[in-house]
Every structure is written in C-alpha cells, then in structure tokens.
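Overview (structure and organization)
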Amino acid sequence: MTYLGGMTDRARISASKRFVRNLVWVVIICGLFLAGQALRYHYNKAQLNEILGETDKLYASVLGPDIGSSPFGRLQFEQGKLAATYRIGLDPVGVLAALSRPAVESLRIEGIALEGKRGRVRGFFGPNVDRFDSYINDLTDDEQFLFSLEKREDVFGGIIFSLIVEPK
C-alpha cells in the first residue's frame, strides 16, 4: 500500500525505527554531557566552599569569631586604626609591601621588628642566590623606605640576611 509521499508502510516503519533509535542516542549523549556538567559543577562548588571556609577561618583568627558581612573591609578598617594610632612609627603593611614589590619566589621573610622610626627585617633568600644583589638594589630604589643591608651570611641552599629599614 502506498501513501501520499510515495512511501510504503514498511518504509515508514523503518524510518520511524531509525528516528526513534537516533533520538535515543541523542538523548543518551545529551544526558552524559549534562551529567558531566553537573559533576563538574558539584566539584567546583565543593572546592569553592572549602576555599571560603578556610578564608573565613583566617578572618576569624584575626577578627574573632564574629567576622561580619564584610571581613575584608573590617581588616582594612582595623589596619587604618592601627596606622593612625602608630603614625609616629613605620607602617608594617607598607614595609611588607615595599619588601614584596621586587620580590622573587626564593625570598622568605622570617621576622620584622619595627620600633619607632627604625626597623629590622630578617629573612632567607635561596636557592637563586645570584638574584640577591639585584633584589637589594631594587629595594634601595624604594620611594617610601630606606633599606640597608646589615648582615649577609651564606649558608647551604641560600643566604640569611638582615636589613635595616627607615623612612625616607
């Protein structure tokens, strides 16, 4: 028996079966794609929650258990209060910023002692010891602070150093 399009019943049934089979494959492939995206979203969400939890722990270690809705803003506010209170001395955040501007990966600051208008910075530089002299030269170009090398001791794997810092 022939219908309007010139197709027989057998041809229509065969085309319908192919259509259903292709539709099932498309649904399976789309389902796998969506499942992969859902799994990726789940892992990214879990990683984000872990990072946020660790960040909140850091904020709580500085600000106390009630970190508020804007802990970064509170940190800036507290730092501003400290800077205003101790305006006669060196700003510890400014000193750290000046030390980190020309820093390389091999730098590790081990201690900072600021007393009034003078301070001492202890650290370790290694294993790229050939870059140490250029780091010290970069520090001398700082616009806000005057750094001078107090002590330099070559040790296995690097250099232990001590700097004197004063405002310019």
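As a starting point, this report considers the structure included with it. (Residues numbered from 1 in each chain as written. Predicted model: local features only at pLDDT ≥ 70, side-chain atom pairs only at ≥ 80, totals over all residues. Heavy atoms only, no water.)

Side chains on a regular strand alternate between the two faces of the sheet. Of the pairings in the sheet, the one linking strand 3 (residues 145–155) to strand 4 (residues 158–167) comprises ten bridges and is antiparallel in character. Paired with Asp154 across the strands is Ile159, a residue of strand 4. Between strand 3 and strand 4, which pair antiparallel in sequence order, lie two residues; one of them, Gly157, sits at a positive phi of approximately 90 degrees. (Pairing = 2+ DSSP bridges. Helix = DSSP H or I, 4+ residues; strand = E, 2+ residues; numbered from the N terminus.)

Looking at chain direction, strand 1 (residues 107–115) and strand 2 (residues 118–125) are connected through eight bridges and run antiparallel. When the sheet's bridge partners are listed, Leu107 is paired in strand 2 with Phe125. Adjacent in sequence and paired antiparallel, strand 1 and strand 2 are bridged by two residues, among which Gly116 carries a positive phi angle near 70 degrees. Sheet analysis places strand 2 next to strand 4, joined by seven bridges and oriented antiparallel. Bridge pairing in strand 4 links Arg120 to Ile164.

Grouped together as the largest cluster of nonpolar side chains are 17 residues, with contacts concentrated most on Leu99, Phe147 and Leu163. Not counting the four nearest positions on each side in its chain, Leu163 is found in contact with Leu99, Gly119, Arg120, Val121, Ile136, Leu139, Phe147, Ser148, Leu149 and Glu150. (Core = buried A, V, L, I, M, F, W, Y, C linked by side-chain atoms within 4.5 Å. Buried < 20%, exposed > 50% of the residue type's maximum accessible area, 1.4 Å probe, protein only. Contact = heavy atoms within 4.5 Å.)

Among all positions in helix 3 (residues 92–100), only Gly94, Val95, Ala98 and Leu99 are buried. Buried residues in helix 3, looked at end-on, bunch into an arc of 135 degrees, giving them a common side. Buried residues belonging to helix 3 abut strand 1, strand 2, helix 4 (132–140), strand 3 and strand 4. (Arc of directions from axis to C-beta.)

Moving on to a nonpolar patch on the surface. A surface patch of nonpolar side chains, about 930 Å² in accessible area, is lined by Phe19, Val20, Leu23, Val24, Trp25, Val27, Ile28, Ile29 and Leu32. Tracing the backbone through its elements, the reader meets Trp25 in helix 1 (residues 9–63). (Patch = residues over 30% accessible without salt bridge, like charges linked within 9 Å, V, L, I, M, F, W, Y side chains within 5 Å. Areas by Shrake-Rupley, 256 points an atom, 1.4 Å probe, with all protein chains shown as cover. Salt bridge = Lys/Arg side-chain N within 4 Å of Asp/Glu carboxyl O.)

Quick look at the packing of aromatic side chains now. For the coordinates displayed, the defined rule picks out four aromatic pairs. Look at Phe125 and Phe132: their rings are 5.3 Å apart centre to centre, the planes differ by 70 degrees, and that puts the pair in the edge-to-face class. With centroids separated by 5.5 Å and ring planes inclined at 50 degrees, the aromatic side chains of Phe132 and Phe161 adopt a geometry described as tilted. Of the two residues, Phe132 is situated in helix 4 and Phe161 in strand 4; the sequence distance between them amounts to 29 residues. A connected cluster of aromatic rings, assembled from ring pairs, spans Phe125, Phe132, Tyr135 and Phe161. (Phe/Tyr/Trp six-rings, centres within 6.5 Å; stacked < 30°, edge-to-face > 60°.)

Before going further, it helps to spend a moment on the sheet that holds strand 4. If you walk across this open sheet you meet the four strands as 1-2-4-3, and the pairing is antiparallel. Edge strands, defined here as strands with exactly one partner in the open sheet, are strand 1 and strand 3. The mean inter-strand angle of the sheet, taken between neighbouring strand axes irrespective of direction, is 15 degrees. (Axes fitted to C-alpha atoms, helices over the stretch in contact; angles between N-to-C directions.)

With that settled, consider helix 1. Here helix 1 is 55 residues long and its end C-alpha atoms lie 78 Å apart, about the 81 Å a rise of 1.5 Å per residue gives. Just downstream of helix 1 lies Gly64, where phi reads positive at about 95 degrees. (Expected span 1.5 Å × (residues − 1).)

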